[in-house]
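One-letter residues, chain by chain:
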Amino acid sequence: MGWQRKILRVDLSAGTAVAEPLNMEWANAYLGERGLASKYLWENMDPAADAMGPDNVLIFATGPLTGTMSSTSGRYAVVTKGPLTNAIACSNSGGKFGAELKYAGYDLLLIHGRAPTPVYLHIVDDRVEIRSAQALWGQTVWDTEGWLKSHHQDTRLKVASIGVAGERGVYYACVVNDLHRAAGRSGVGAVMGSKNLKAIAVRGNLGVQVDQPERFMAAVRDTHKMLAESAGRKELTECGTDAMIDSMQAFGGLPTRNFQEVQFEGADKLNPEAMTEVRPNGHRNLLTNKACFGCTIACGRIAHIDKTHFTIVNRPQYWHASGGLEYETAFAFGPVVGVDDIDALTFAGYLMNEHGMDPISFGVTLAAAMELYELGVITDADTDGVALNFGNAEALTVMAEKTGKYEGFGQILGLGSKRMCERYGRPELSMSVKGQEFAGYDSRALQGMGLGYATSNRGACHLRHDAFAEDMEDQSGAGKAKPIKVSQDKTAMIDSTGLCLFTSAAWDVPEFQRQIDAACEGDWPESRLWEIGERIWNLERRFNLAAGLTAADDTLPPRMLEDPAPSGTAEGKVCQLDRMLPEYYELRGWTRDGLPSHETLQRLGLEESKA
Amino acid sequence: MQKALLIDPEKCTSCLQCELACSHQHTGMFNPVQSRIRVFEFEHGARAIPYTCTQCEAAWCLHACPVQAITVNAATGAKQVDADRCVGCKVCTVACPYGTINYEAHTGKVAKCDLCGGEPQCAVACPTGAITVSDPDTATHAINPLLLGRGATA
Amino acid sequence: MRHLIIGTGPAGVIAAETLRGHDSEAEILLLGDEPETPYSRMALPYLLANNVGETGTYLRPDPKHFQARRIQVQRGRAASVDSQAHTVTLEQGEQLDYDRLLIATGSHTVKPPIPGMDLDGIENCWTLADARAIAQRAQPGQQVVLMGAGFIGCIVLEALVARGVALTVVEREPRMVPRMMDQNGGELLKRWCESKGVRVHTGTQVDAIKADPERLSLTLGDGGMLEADLVVCATGVRPNIAFLEGSGIETDVGILVDEHLRTSAPDVYAAGDVAQGPVFNGGQREVHAIQPTAGDHGQVAALNMAGVDTVYGGSLAINVLNTLGLISSSFGQWQGVPGGDSASALNGEEFKYLRLEFDGDFLVGAIGLGLTQQVGILRGLIQTRVNLGQWKKELLRDPHQIVHAYLECNTSAEAAA
Ligand SMILES: Cc1cc2nc3c(=O)[nH]c(=O)nc-3n(C[C@H](O)[C@H](O)[C@H](O)COP(=O)(O)OP(=O)(O)OC[C@H]3O[C@@H](n4cnc5c(N)ncnc54)[C@H](O)[C@@H]3O)c2cc1C
Ligand code: SF4
């Protein structure tokens, strides 16, 4: 148990939806969520297929702990081939949708093909309907969710949907669930749009059972307690992830103005104090914190925008509260575009959720456009007359909206930084790996982060490894391969449980092990979990190789490798990728060309896999 | 001892641990639709209110039941449903002005909060103290007791 | 103090218990004319559906319940009341005296005045005896015609289908449960029943019944003919007030009672289906023949009889119905009030419907189909007169925000207090 032992396969071309048993052999080898979905993707499509074509498969996957009483049990992952990267994409989301999908009885939902006209899926346990989305096409994520709830007369319906950005193929369109939670990265929303699938509305009544309830509840009690008592958890609850802004500013790892700088003079206007500061007119950005399903951390910020702010003064439809700034949104709408107006940032965040876009990729793409603009490569004639200078808060919100609605220069921004910069002949200005934009950490200050970005299977990402402690301690680039490899494997495993990575503020592998072992039948020693993590990483790698990526894609933009950090603790340093990468390949059991060796594949049981 | 749940919506993060704990206690499954406590969210989650039976004095459900399937637990004061006796007529569900006793199609019976025999699991599971157990003499319920024109009932 | 209660239905039983709760000394006598231990009419459908045995219909399962509370239960039928002399005469001639009298005699069924209604094979569904008779005939595969698809009829419908009979329903009004559902709701119910294999004729009535040698044959108003092994009649009930003739106790449709549940005669009270009393929101006194009203009446009457001055806030028509798995409910003035606003959401495909009726910023009535969770708050909102303020606008847009409206109006009311 833990698993529902059932998956739902929808073929939008054929208009069919069929439940089938979960392949338990795969579940035992890949756990769930990220890992299991990657295995299903591998087995169900040609990695070389067009990411935006009908042969791509879009998978929504829960884990064995999704929907249980484990803290943070609301996670699900969207796994597909990502259009932004042409690599495997795995975007993980919280909120309440994932647990609901599991309660409807499914571990995984596989979506094949392309509907001839826009549709949405309505799933109530065994009842699955592919319904016309004619009334919803062109609507925002927020309106879509509202329409579905009221049409089906069910305020507890859970919805994952795309906005116009996803419909029109913005390369970093995301899938938004529960209004402001998103499977954000790599353009999984664009894949959904390419399938003419507007939304998935689900209601589950079947519940989830665990294998050994008493042991499980004991593990839950203890692990909840650990989280409750941990300082890291406390900080997440009180400040969200935004607390990071102060440390990165001090450290000199806060990417500023398209990574030209690593410290931002306006950081203190965007930090947790700024979010809680009461202004002379009584307004305070942060309202409260909010949890995803089952989460005892509640790092989510709920904020509102000052009604007198230029962005919404005449737009009362935005006067309500919604998801507020987290570190990555603060970075992507703040330092990297040089903006320090917290209301503008908050509004840009609203727009991302409302229209369904990844804030990181949008912000970093806008940053590249701003650099192009300041360099004179693009002008007002390209930008619909908007002055794209760093620091222009209005440019941020106007462009966010244009991109969300796929209008004017927003269509160019919707290409992502790599395609956009190539278009203007300045590819080096795209701060991305494999086409996916960096998160808010500079790899000259955080060397291991550089290695993590370069080797992440879904393109630049800060959530595919965790070597902060090592990175803050040692900026030499020595000995980074090990912590990166180990944490990549661990992260892949955690992402496959159905739980949130942030629990690692208090938990390590033994805590996950206890919960998995009690929830799932069979024996789950820690060694097995580690092996699963490594197996997933290698499978993802194989997917990418089969998709046409090579070791040459495991690299960073020249700015990271050649331009020394201008200030902060890493002043004068560049990222030592050339030193770290070979060491990493070796540790992984890969050849110099970055191919998993025969022995490695054999050891991980990946050999008999296809391709 | 008469007990009741004291709910402070201000502290609720809508994590639904209470719904998970309640459903597990009563069904052995994690299944929020079968929870007798429900969290309602407002305005993109800016507010959330956990909501369940206040074990009200008037005991509307109990009095409406045609077959005495609802009784008062002597130890806790909880009004509880005897599932064996309940015929599933649902009259209690429309009689209770708080809407805290609900019909469950899969059992054909009604279900409500029974205070778990004295140790409400929702309160145990709540990570923020939004749900606590108190004795009703000192409790102020989040939801006003409704009088329904009952006048001077002692 | 000697309390006499006529009628052992829920109104009478709850009154007796309430009296005992407030007066440990008083003599309490419960008089009933049915042979069985006090039982609940409402539970009869579940007996028919074989969900419970006869003991499952008892109002109080504990056989010592009444004895333990020193409530004397006596079998007998009241034939007349002398309110001057404070006596009740039974049919057998016995005379009972009282200090306080509660009349809780409920109602009786009325059959339509058409030829053939007294033929064999035509049953009511009102008493345990009726239920036994139906159970005998309603066997799997038998043709059964149900006359009347009102509230009680629809509950019986469910039980008959559970018995596996081939069922046809005839309702004179243009839709099912006309006093509980509007056109939309009635249509959905009809469509639902038909989709489950029940034939439903609305807008026509049975004009005559004849006995074929084997079966009953029914002629419908629209010219149609039906055959039946059994006809169940659920065409209406009337309060049991005949025995009050000459008592001086004022009656109309039922016994007229004031907000203390007092009749026009001193020391005489009435409760339940037999009482025509104050309704919530003012207006003409009405008979609300439903279980919750019987319970409320029983309690309030008993409190007043025991000397605890209690004002009754008036009854509200509230009904909940399960029709082959489709749950419907209605509350108060669901037809709406002049000048009031109305909101509704209809999804016929999924058999979901919610209608709300407002008077100013107050909810006064509602209909729900396919709604099972937190339905009681509709009663709460109506009967505690919650001022919906801002939320009304929201509800006009999306009536399903009703629980949210209720919760916020109540919590903020407290915050203001
Ligand atoms: C099949 C069925 C289903 C129902 N379902 C529902 C439902 O789902 N929801 C709902 O709200 N209501 C329902 N009702 C109605 C509900 O049962 C009545 O409203 C309720 O029983 C009224 O209670 P009462 O005590 O006033 O009268 P009753 O229950 O009718 O009790 C009156 C008693 O007094 C006795 N009596 C009458 N005259 C005399 C006399 N002269 N002397 C001595 N005794 C006398 C009667 O025989 C009877 O025992 C249903 C009724 C039936 C028949
Ligand atoms: S649904 Fe069950 S508990 Fe509720 S009134 Fe009917 S019989 Fe009693």
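Predicted model only: the values in this text are computed from it and were never measured.

Let's hear about the overall build of chain B: which residues, and what values?
Helix and strand content of chain B: 4 helices and 8 strands. Secondary structure of chain B in N-to-C order comes out as β-α-β-β-α-β-β-α-β-β-α-β. Taking all 154 residues of chain B together, 62% fall into the buried category. Pairs at least 24 apart in sequence give 57% of the contacts found in chain B among residues at least 6 apart. Taken as a whole, chain B presents about 5,400 Å² of accessible surface, with 51% of it coming from carbon and sulfur.

Describe in detail the overall build of chain A, supporting the description with residues and values.
What chain A contains, in helices and strands, is 24 helices and 17 strands. The C-alpha atoms of chain A give a radius of gyration of 22 Å, which matches the 25 Å a tight globule of 611 residues would have. Each principal axis of the C-alpha atoms in chain A carries an extent, and together these give about 60 × 55 × 50 Å. Across chain A, contacts joining residues at least 24 apart in sequence account for 70% of those joining residues at least 6 apart. Of the roughly 18,400 Å² of accessible surface on chain A, 49% is carried by carbon and sulfur atoms.

Any details on the interface of chain C and chain B? Residues and values, ideally.
Taken together, the contact between chain C and chain B spans 53 residues of the former and 43 residues of the latter. For the pair chain C and chain B, the two sides together bury roughly 4,000 Å², of which 59% comes from carbon and sulfur. For the pair chain C and chain B, the interface holds 1 salt bridge. With a closest N to O distance of 2.6 Å, Arg47 of chain B and Glu408 of chain C form a salt bridge. Taken together, the connections running from chain C to chain B amount to 14 residue pairs in polar contact (both at pLDDT 80 or more). Residue classes in the side of chain C that touches chain B are distributed as 24 nonpolar, 23 polar and 6 charged.

Break down the domain arrangement of chain A for me, with residues and values.
All names here are of chain A. Along its sequence, chain A is organised into domain 1 (6–203), domain 2 (256–430) and domain 3 (447–603). When each unit is reduced to the centre of its C-alpha atoms, the spacing between domain 1 and domain 2 is 26 Å. Taken residue by residue, the interface counts 33 residues in domain 1 and 35 residues in domain 2. Summed over both partners, the interface of domain 1 with domain 2 buries about 2,700 Å², with 59% contributed by carbon and sulfur atoms.

Mind laying out the site of ligand 1, listing which residues take part and the relevant values?
Taken together, 32 residues sit near ligand 1, with Asp33, Glu34, Arg41, Asp273 and Gln291 of chain C positioned nearest. Lying at an intersection of chains, ligand 1 is approached by residues of chains B and C. Here an oxygen atom of ligand 1 and a side-chain polar atom of Glu34 of chain C are 2.7 Å apart. Looking at the shell around ligand 1, the elements with two or more residues in it are helix H1 (10–22), helix H5 (151–162) and helix H7 (291–305) of chain C. Residue composition of the shell around ligand 1, grouped by class: 17 nonpolar, 10 polar and 5 charged.

Help me get a handle on the interface of chain B and chain A, residues and values and all.
Chain B puts 25 residues into the contact, and the matching count from chain A is 38 residues. Between chain B and chain A the total buried area reaches about 2,300 Å² when both faces are included, carbon and sulfur atoms providing 58% of it. Taken together, chain B and chain A are joined by 3 salt bridges. Residue Glu41 of chain B pairs with Lys290 of chain A through a salt bridge whose shortest N-O separation is 2.9 Å. Where chain B touches chain A, the interface holds 14 residue pairs in polar contact (both at pLDDT 80 or more). Of all the secondary-structure elements, those providing two or more residues to the side of chain B that touches chain A are helix H1 (17–27) and strand S2 (38–42) of chain B. When its residues are assigned to classes, the side of chain B that touches chain A shows 13 nonpolar, 8 polar and 4 charged.

Now, about the packing of aromatic side chains: what can you tell me, with residues and values included?
Under the criterion given, the structure shown has 23 aromatic pairs over all chains. Between Trp3 of chain A and Trp524 of chain A the ring centres are 6.1 Å apart and the planes differ by 50 degrees, which places this aromatic pair in the tilted class. Taken together, the residues Trp3 of chain A in the segment before strand S1 (6–11) and Trp524 of chain A in the loop between helix H20 (509–519) and helix H21 (526–547) connect sequence positions 521 residues apart. On the accessibility criterion, Trp3 of chain A (3% relative accessible area) is buried. Accessibility expressed as a relative area gives 1% for Trp524 of chain A, which makes it buried. Taken together through their ring pairs, the aromatic side chains of Phe259, Phe331, Phe438 and Tyr453 of chain A make up a single cluster. The ring of Phe40 of chain B has Arg156 of chain A sitting right over it, with the charged end atom 4.6 Å from the ring centre. Sitting over the face of the ring of Tyr30 of chain A, Arg535 of chain A holds its NZ or CZ atom 6.0 Å from the ring centroid.

Give me the lowdown on the sheet that holds strand S8 (residues 127–132) of chain A, citing residues and values where you can.
All names here are of chain A. Here we have 6 strands laid out as an open sheet, ordered S8-S7-S12-S9-S10-S11, and mixed in their pairing. In the strand order of this sheet, the two ends are held by S8 and strand S11 (181–183), each with one partner. The mean angle between the axes of side-by-side strands here comes to 20 degrees, regardless of whether they run parallel or antiparallel.

Residue-level account of the side chain of His122 of chain A, with values.
Take His122 of chain A: it is sitting in strand S7 (residues 119–124). Not counting chain neighbours up to four residues away, the residues in contact with His122 of chain A comprise Arg127, Val128, Glu129, Arg131, His152, Leu157 and Ala201 of chain A together with Glu350 of chain C.

Now, about helix H13 (residues 359–374) of chain A: what can you tell me, with residues and values included?
All names here are of chain A. Compared with an ideal rise of 1.5 Å per residue, which puts 16 residues at 22 Å, H13 spans 22 Å between its outermost C-alpha atoms and is within 8% of the ideal. Within H13, 15 of the 16 residues are buried, which leaves it mostly tucked inside the rest of the structure. At the exit of H13 stands Gly376, carrying a positive phi of roughly 85 degrees.

Run through the confidence of the model for chain B, naming residues and quoting values.
Residue and element names in this part refer to chain B. The pLDDT averaged across chain B works out to 87; a share of 86% of its residues lies at or above 70. Across residues 139–154, confidence stays below pLDDT 50; counting only partners more than four residues off in sequence or on other chains, it has 52 contacts. Under the prediction, the complex receives an ipTM of 0.94, its pTM being 0.93.

Describe in detail the nonpolar core, supporting the description with residues and values.
Within the largest apolar cluster, 101 residues are counted, with the highest numbers of intra-cluster contacts made by Leu160 and Leu356 of chain C. At 6 residues, the largest contribution of residues to this core is made by helix H10 (residues 402–416) of chain C. Grouped together as the second largest cluster of nonpolar side chains are 99 residues, Val339, Ala367, Ala445 and Met560 of chain A included.

Describe the pattern of salt bridges, and please don't skip the residues or the numbers.
A side chain with one charge may pair with a side chain of the opposite charge, provided their charged atoms come close. Under the criterion given, the structure shown has 66 salt bridges over all chains. Here Glu534 of chain A ties to Lys485 of chain A by a salt bridge, and the two come within 3.8 Å at their closest N and O atoms. Pair noted here: Glu534 of chain A is in helix H21 and Lys485 of chain A is in helix H19 (residues 481–494), with a separation of 49 residues, a long-range link. As far as burial versus exposure is concerned, Glu534 of chain A and Lys485 of chain A are alike and both buried. The partner of Arg41 of chain C in a salt bridge is Glu34 of chain C, and the shortest N-O contact between them spans 3.3 Å. For Arg41 of chain C, a relative accessible area of 29% translates into the label partly exposed.

Explain the environment of Gln515 of chain A to me, and be specific about the residues and the numbers.
All names here are of chain A. Structurally, Gln515 can be placed in helix H20. Relative accessible area serves as the criterion here: at 0%, Gln515 is assigned to the buried category. Gln515 has contacts with Leu65, Ser70, Phe216, Ala219, Thr223, Leu499 and Trp507, leaving out every residue within four places of it along the chain.

Quick one: what's the story with the packing of helix H17 (residues 447–455) of chain A against helix H23 (residues 577–588) of chain A, residue by residue and with numbers?
Residues and elements named next belong to chain A. At a closest axis distance of 10 Å, the pairing of H17 and H23 adopts a crossing angle of 60 degrees. Viewed along their axes, H17 and H23 adopt a mutual orientation that is oblique. As for how H17 packs across H23, the hand of that crossing is right-handed. Of H23, the residues touching H17 (which contributes Gln447, Gly448, Gly450, Leu451, Ala454 and Thr455) are Leu577, Met580, Leu581 and Tyr584.

Lay out unusual backbone geometry with the relevant residues and their values.
Residue and element names in this part refer to chain A. Despite not being glycine, Leu179 has its phi angle at roughly 70 degrees, a positive value. Relative to the assigned elements, Leu179 resides in the loop between strand S10 (175–177) and S11. Look at Leu179 and you get buried, because its relative accessible area is 15%.

Tell me what's going on with the packing of H13 of chain A against helix H16 (residues 416–423) of chain A, and back it up with residues and numbers.
Residues and elements named next belong to chain A. One way to put it is that H13 packs onto H16 with a least axis distance of 8 Å and a crossing angle of 20 degrees. Looking at the two axes, H13 sits roughly parallel to H16. Our pair here, H13 against H16, has a crossing hand that is right-handed. Contact with H13, carried on its side by Val364, Thr365, Ala368, Ala369 and Leu372, involves Gly416, Ser417, Met420 and Cys421 of H16 and no other residues of that element.

Definitions and limits used
Once a new chain begins, its residue numbering starts again from 1 and follows that chain's sequence as written. Chains carry letters and ligands carry numbers; both start at the beginning, A for chains and 1 for ligands, and go up in the order they are written. Whole-chain, interface and lining totals are the exception, using all residues; otherwise, since this is a predicted model, local features are given only for residues with pLDDT of at least 70 and side-chain atom pairs are given and counted only at 80 or more. Computation of side-chain values: all heavy atoms of the structure, hydrogens and water removed. Numbering of helices and strands starts at the N terminus; helices are DSSP runs of H or I of at least 4 residues and strands are runs of E of at least 2. Here the term buried applies to any residue with accessible area under 20% of the maximum for its type, exposed to any over 50%, and partly exposed to those in between, with areas from a 1.4 Å probe on protein chains only. Throughout, a contact is declared for two residues whenever any of their heavy atoms are within 4.5 Å. Surface accessibility follows the Shrake-Rupley procedure with a 1.4 Å probe radius. Residue values consider only the protein chains on display as shielding. Atoms counted for the radius of gyration: C-alpha only. Globule rule: 2.2 Å times residue count to the power 0.38. The term buried area means the drop in 1.4 Å probe accessible area that two parts suffer when joined, counted for both and summed. Here, a salt bridge means any side-chain nitrogen of Lys or Arg that lies within 4 Å of a carboxyl oxygen of Asp or Glu. Contacts described as polar in this section are N or O atom pairs within 3.5 Å, which, within protein, must combine one atom able to donate a hydrogen with one able to accept it, while residues neighboring in sequence count only if both atoms come from side chains. Under this grouping Gly is polar, as are all residues other than the nonpolar Ala, Val, Leu, Ile, Met, Phe, Trp, Tyr, Cys and Pro and the charged Asp, Glu, Lys and Arg. All domain edges in this entry derive from an automatic or database-based domain assignment. Residue proximity to a molecule or strand is established when one non-hydrogen atom of the residue lies within 4 Å of it. Only the six-membered ring of Trp is used, alongside the rings of Phe and Tyr, when aromatic pairs are assigned; centres must lie within 6.5 Å, and planes under 30 degrees apart are stacked while those over 60 apart are edge-to-face, with the rest tilted. Lysine NZ or arginine CZ positioned within 6 Å of the ring centre and within 35 degrees of the ring normal marks a charge as sitting over the ring. For two strands to be treated as a pair, DSSP must find no fewer than two bridges joining them. Axis lines are fitted through C-alpha atoms, for helices just across the contact stretch, and the angle between N-to-C directions can take any value from 0 to 180 degrees. To estimate how far a helix should reach, multiply one less than its number of residues by 1.5 Å. Predictor confidence is given residue by residue as pLDDT, running from a minimum of 0 to a maximum of 100. What is meant by a nonpolar core is a set of buried Ala, Val, Leu, Ile, Met, Phe, Trp, Tyr and Cys residues, joined one to another through side-chain atoms within 4.5 Å. Reported orientations rely on four angle classes, namely roughly parallel under 35 degrees, roughly antiparallel over 145, roughly perpendicular from 65 to 115, and oblique for the rest. Less than a right angle of anticlockwise turn of the near helix away from the far helix marks a crossing as left-handed, whereas a clockwise turn marks it as right-handed.

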